[in-house]
Number of protein chains: 2
Amino acid sequence: MTKDDQLDAAFSALAHPARRAILAQLAQGTASVNALAEPFDMTLPAVSKHIRVLEHAGLISREKDAQFRLCKLETAPIQEIASWTERYRSIWEARFDTLDTLLADMKENDT
Amino acid sequence: MTKDDQLDAAFSALAHPARRAILAQLAQGTASVNALAEPFDMTLPAVSKHIRVLEHAGLISREKDAQFRLCKLETAPIQEIASWTERYRSIWEARFDTLDTLLADMKENDT
DNA sequence: GCATTATTATACTAATAAGTTAATTAAACA
DNA sequence: TGTTTAATTAACTTATTAGTATAATAATGC
């Protein structure tokens, strides 16, 4: 899988609020599928599918524990995304500086 | 539009390599639709649609200039995503520390 | 006014996504 | 062994996505 494919999968997986909510739950620690499904107004197979999508994107891993499948957050794809956003930081900071200068100017000139 | 919807739109828009490539082009400065389409092996209407998706997600804005529609990168949604990833930074740093400690341990004990 | 250039709209196809219900697998437990 | 609990698979529906070709709009420049 190319880097682009990995980003495709990660961005696409994160483009659903239920899946982001599942990751937020997993930030508190590992959990079973049933536990993860509990807060949602959705059938279990639907949640199961969301979990598969997250796993396919490498955002979670799974471990069998008796009759449970414990899900665990994996951060690598999130780090990839964070690093992708960094390429744009200089742009937004430059624009913020511009806005900042403009605001300072306005204050100085009492406009 | 709720914050969740904004993130949905942004993540979803970024889940296509052509759209990320368009943003990369726009990081160099504004550009017309034709200029943006040039590097792609794709029809113009297809690129036009990708641009609409980016605009809908707030990732670009447009300005009419004669017969051209100049596209401009907008960083707000990228900042939102960067900020979303930050919630998980403590987790990946903690794990890195663990790995780090483990490696140091191995070295110390010559295992 | 008319041809050219830039862009979008329309109409269509094929693939994928998100959800459902019902059936199945697999381990635990009594 | 039979039942319960956990989770997935299968089959299906509906909606959306990504692309195409072709037609339409809109401004420019001769």
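Further up the page is the structure itself.
Here the structure is a predicted model, which means the values were calculated and not measured.

**What to know about the relation of the copies chain B and chain A**
Line of reasoning, step 1. At an RMSD of 0.0 Å, chain B and chain A line up after a rotation of 180° and a shift of 0.0 Å along the axis. This pairing of chains is accounted for by a two-fold axis.

**Quick notes on the protein's contact with DNA strand D**
Line of reasoning, step 1. Around DNA strand D, 20 residues are found, and the nearest of them are A:N34, A:S48, B:T43, B:K49 and B:H50.
Line of reasoning, step 2. Each atom of DNA strand D within 4 Å of the protein belongs either to a base or to sugar and phosphate, the latter forming 74%.
Line of reasoning, step 3. A:V33 is positioned with one of its backbone polar atoms (N or O) 3.3 Å from a phosphate oxygen of DNA strand D.
Line of reasoning, step 4. In this structure, B:R19 approaches DNA strand D through a side-chain N or O atom, which is 3.1 Å from a phosphate oxygen.
Line of reasoning, step 5. Counting residues per element, the ones that place at least two in the surface near DNA strand D are helix 3 (33–37), helix 4 (44–56) and strand 2 (68–73) of chain A together with helix 4 (44–56) of chain B.
Line of reasoning, step 6. If you tally residues by element for the surface near DNA strand D, the top one is helix 4 of chain B, at four residues.

**Considerations on the interface of chain B and chain A**
Line of reasoning, step 1. Taken together, the contacts link 27 residues of chain B with 27 residues of chain A.
Line of reasoning, step 2. Among the residues chain B hides against chain A, the three largest losses belong to B:R20, B:Y88 and B:W92. Together they make up 23% of the total.
Line of reasoning, step 3. Linking B:R20 and A:D4 is a salt bridge whose minimum nitrogen-to-oxygen distance equals 3.4 Å.
Line of reasoning, step 4. Where chain B meets chain A, there are eight residue pairs in polar contact (both at pLDDT 80 or more).

**Observations regarding the protein's contact with DNA strand C**
Line of reasoning, step 1. Around DNA strand C sit 21 residues in total, of which A:T43, A:K49, A:H50, B:N34 and B:R62 are the nearest.
Line of reasoning, step 2. Between a phosphate oxygen of DNA strand C and a side-chain N or O atom of B:N34, the distance comes to 2.5 Å.
Line of reasoning, step 3. In the environment of DNA strand C, a sugar or linking oxygen lies 3.5 Å from a nitrogen or oxygen atom belonging to the backbone of B:Q67.
Line of reasoning, step 4. Taken together, the elements giving at least two residues each to the surface near DNA strand C come down to helix 4 of chain A together with helix 3 (33–37), helix 4 and strand 2 (68–73) of chain B.
Line of reasoning, step 5. Among the residues forming the surface near DNA strand C, the class breakdown is eight nonpolar, eight polar and five charged.

Reading the values: the criteria
- Residues numbered from 1 in each chain as written.
- Chains lettered and ligands numbered in written order.
- Predicted model: local features only at pLDDT ≥ 70, side-chain atom pairs only at ≥ 80, totals over all residues.
- Heavy atoms only, no water.
- Least-squares fit on C-alpha atoms with pLDDT ≥ 70 in both.
- Near = heavy atom within 4 Å.
- Polar contact = N/O pair within 3.5 Å; in protein donor to acceptor, adjacent residues only side chain to side chain.
- Helix = DSSP H or I, 4+ residues; strand = E, 2+ residues; numbered from the N terminus.
- Contact = heavy atoms within 4.5 Å.
- Buried area = accessible area lost by both parts, 1.4 Å probe.
- Salt bridge = Lys/Arg side-chain N within 4 Å of Asp/Glu carboxyl O.
- Nonpolar A, V, L, I, M, F, W, Y, C, P; charged D, E, K, R; others polar.

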